[in-house]
Amino acid sequence: MPTHVALLRGINLGPHKRVAMPALRTLVESLGHTDVATYIASGNVVFTAPAETNAALAGGLEKAIEAELGVVCRVVVLTSAELAEAVADNPYPDEPNPKLVHAFFLTAKASAEARTHVAQAQERAAAKGSRDEAAIVGRVLYLHTPDGFGRSELAAELSKGAKRNPAEGTARNWATVTKLLAMCEG
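Reading guide: rules and limits
Residues numbered from 1 in each chain as written. Predicted model: local features only at pLDDT ≥ 70, side-chain atom pairs only at ≥ 80, totals over all residues. Heavy atoms only, no water. Helix = DSSP H or I, 4+ residues; strand = E, 2+ residues; numbered from the N terminus. Rg over C-alpha atoms; globule rule 2.2 N^0.38 Å. Pairing = 2+ DSSP bridges. Axes fitted to C-alpha atoms, helices over the stretch in contact; angles between N-to-C directions. Phe/Tyr/Trp six-rings, centres within 6.5 Å; stacked < 30°, edge-to-face > 60°. Buried < 20%, exposed > 50% of the residue type's maximum accessible area, 1.4 Å probe, protein only. Contact = heavy atoms within 4.5 Å. 1 Å grid on protein atoms, 1.4 Å probe; cavity = no way out; pocket = protein on both sides within 12 Å on 5 of 7 lines; lining within 4 Å. Points joined across faces, edges and corners; volume = space filled by probe spheres on them. Nonpolar A, V, L, I, M, F, W, Y, C, P; charged D, E, K, R; others polar.

Enquirer: What exactly am I supposed to notice about the overall build of the chain here?
Expert: Counting its secondary structure elements, the chain contains 6 helices and 8 strands. Listed by position from the N terminus, the elements making up the chain come as β-α-β-β-α-β-α-β-α-β-β-α-β-α. Taking 2.2 N^0.38 as the reference for a compact globule, 186 residues should give roughly 16 Å; the C-alpha atoms of the chain span a radius of gyration of 17 Å, in line with that estimate. Viewed in the frame of its principal axes, the chain has a C-alpha envelope of about 50 × 30 × 30 Å.

Enquirer: Honestly, the sheet that holds strand β4 (residues 75-79) in this entry has me stumped. Any pointers?
Expert: The strands making up a sheet are joined through hydrogen bonds of the backbone, oriented either antiparallel or parallel. The sheet built from 4 strands is open, its strands ordered β2-β3-β1-β4 with antiparallel pairing. With partners counted over all chains shown, the strands left at the sheet margins are β2 (34-39) and β4, one partner each. On average, each strand axis in the sheet is inclined to that of its neighbour by 20°, with strand direction left out of account. Looking at chain direction, strand β1 (residues 3-8) and β4 are connected through 5 bridges and run antiparallel.

Enquirer: Is there a simple way to explain the packing of aromatic side chains in this structure?
Expert: Think of a pair of aromatic rings as described by two things: how far the centres are apart, and how the planes are tilted against each other in angle. A full pass over the atoms with the stated rule returns 1 aromatic pair. Summarising the aromatic geometry, the rings of Tyr142 and Trp174 are spaced 6.2 Å apart at their centres and angled 50° between planes, so their arrangement reads as tilted. Separated by 32 residues along the polypeptide, Tyr142 in strand β7 (residues 140-144) and Trp174 in helix α6 (residues 174-185) bring together distant segments of the chain. Classification of Trp174 as buried rests on a relative accessible area of 10%.

Enquirer: I tried to follow the sheet that holds strand β5 (residues 101-106) on my own but got confused; where do I start?
Expert: Pairing is antiparallel across the open sheet formed by 4 strands, whose spatial order is β6-β7-β5-β8. Two strands in the sheet have a free side with no partner beyond their single neighbour: β6 (133-137) and β8 (169-173). Within this sheet the neighbouring strands show an average axis-to-axis angle of 20°, counted without direction. Of the strands in this sheet, β6 and β7 touch helix α4 (residues 112-127), which is tilted by about 165° from β6. In the packing of α6 onto the sheet, contacts are made with β5, β7 and β8, and the angle to β8 comes to roughly 95°.

Enquirer: What is the right way to look at the layout of surface pockets in this model?
Expert: By rolling a water-sized probe across the atoms, one finds the places where empty space is left. The volume enclosed by the second largest pocket comes to roughly 190 Å³. Lining the second largest pocket are Leu78, Glu82, Glu85, Ala86, Asp89, Phe105, Val137, Gly138, Arg139, Val140 and Tyr142. Mapped by element, the contributors of at least two residues to the lining of the second largest pocket are α3 (80-88) and β7. For the lining of the second largest pocket, the element with the most residues is α3, which contributes 3 residues. Residues that form the lining of the second largest pocket fall into these classes: 6 nonpolar, 1 polar and 4 charged.

Geometric values such as these leave the question of function open.
Printed below as a string of structure tokens:
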């Protein structure tokens with residue numbers, strides 16, 4: 001059976017949407033998935049599953065998490081091969097600090113609207129003196145923040161306005177991305 005990674009969006013960031021990792025592992029196993037492991041409390045699950053589509057797996061997880069744990073959240077599912085491709089496609093491989101590169105895994109390929117939003121956000125951030133960079137490759141938006149994510153003008157610009165989230169998805173820093181890939185390969 002293929003190995004998959006499920007990335008839950010927006011859980012355990014504050015007092016709301018709390019999900020205990022042991023409960024999440026039990027829930028994923030109850031759906032018939034095997035070799036279930038979680039990584040840190042931000043909603044990263046590695047598991048094997050029958051050959052279903054990523055969308056079907058994500059939808060099943062979203063429904064089960066809401067029904068069993070009472071939490072509504074977006075779930076993005078990738079195969080281990082897709083995660084390996086995202087790692088290989090990283091346009092910022094020379095950044096020595098993995099916490100300065102983030103990958104936003106999108107539920108679908110970025111639309112023209114999303115690409116325009118990212119380009120305009122980069123222009124606004126650069127006009128403020130930002131060194132941040134972004135690139136969309138396939139279903140991944142890569143964000144390089146050499147001065148730190150918390151101070152990132154580009155991250156702030158990307159989250160502004162009515163077009164705040166033109167491509168639905170969830171983000172992980174590069175340290176988490178590479179750890180998840182190692183878990184898939186291990």
